[in-house]
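What the coordinates show
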Amino acid sequence: MPSQPADTPPSAELQSEAYHITVDDGSDSFCALSIESPENDEAWLISDTVTALESMR
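For clarity, every value in this text was computed on a predicted model and none was experimentally measured.

**Quick word on the pairing of strand S2 (residues 28-36)**
Pairing analysis gives nine bridges linking strand S1 (residues 15-23) to S2, with the strands arranged antiparallel. Considered in S2, the bridge of Ile21 is made with Phe30. Two successive antiparallel strands, S1 and S2, enclose a turn made up of four residues, where Asp24 displays a positive phi of approximately 55°. Note: S2 against strand S3 (residues 44-47), four bridges, orientation antiparallel. Pairing of Ile35 across the sheet is with Leu45, part of S3.

And the structure:
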């Protein structure tokens, strides 16, 4: 399966946001990183395993 539909040009820019998410009435929390393309609503990734791109290396 191709990583991008054939009729969609690759995006030159990606946007990222870091989140600190609290659950269970404040008893637990975690960090999440969202990476997305502003031109394509279907091109996004969210991960709760890293807090910065540097952590992925």
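**Some words on the sheet that holds S3**
Ordered in space as S1-S2-S3, the three strands form an open sheet in which the pairing is antiparallel. Only two strands of the sheet have a single partner each, and these edge strands are S1 and S3. Put simply, the sheet's adjacent strands are angled 20° from each other on average, direction ignored.

The rules we used
Residues numbered from 1 in each chain as written. Predicted model: local features only at pLDDT ≥ 70, side-chain atom pairs only at ≥ 80, totals over all residues. Heavy atoms only, no water. Pairing = 2+ DSSP bridges. Helix = DSSP H or I, 4+ residues; strand = E, 2+ residues; numbered from the N terminus. Axes fitted to C-alpha atoms, helices over the stretch in contact; angles between N-to-C directions.

That is the geometry; function is a separate question.
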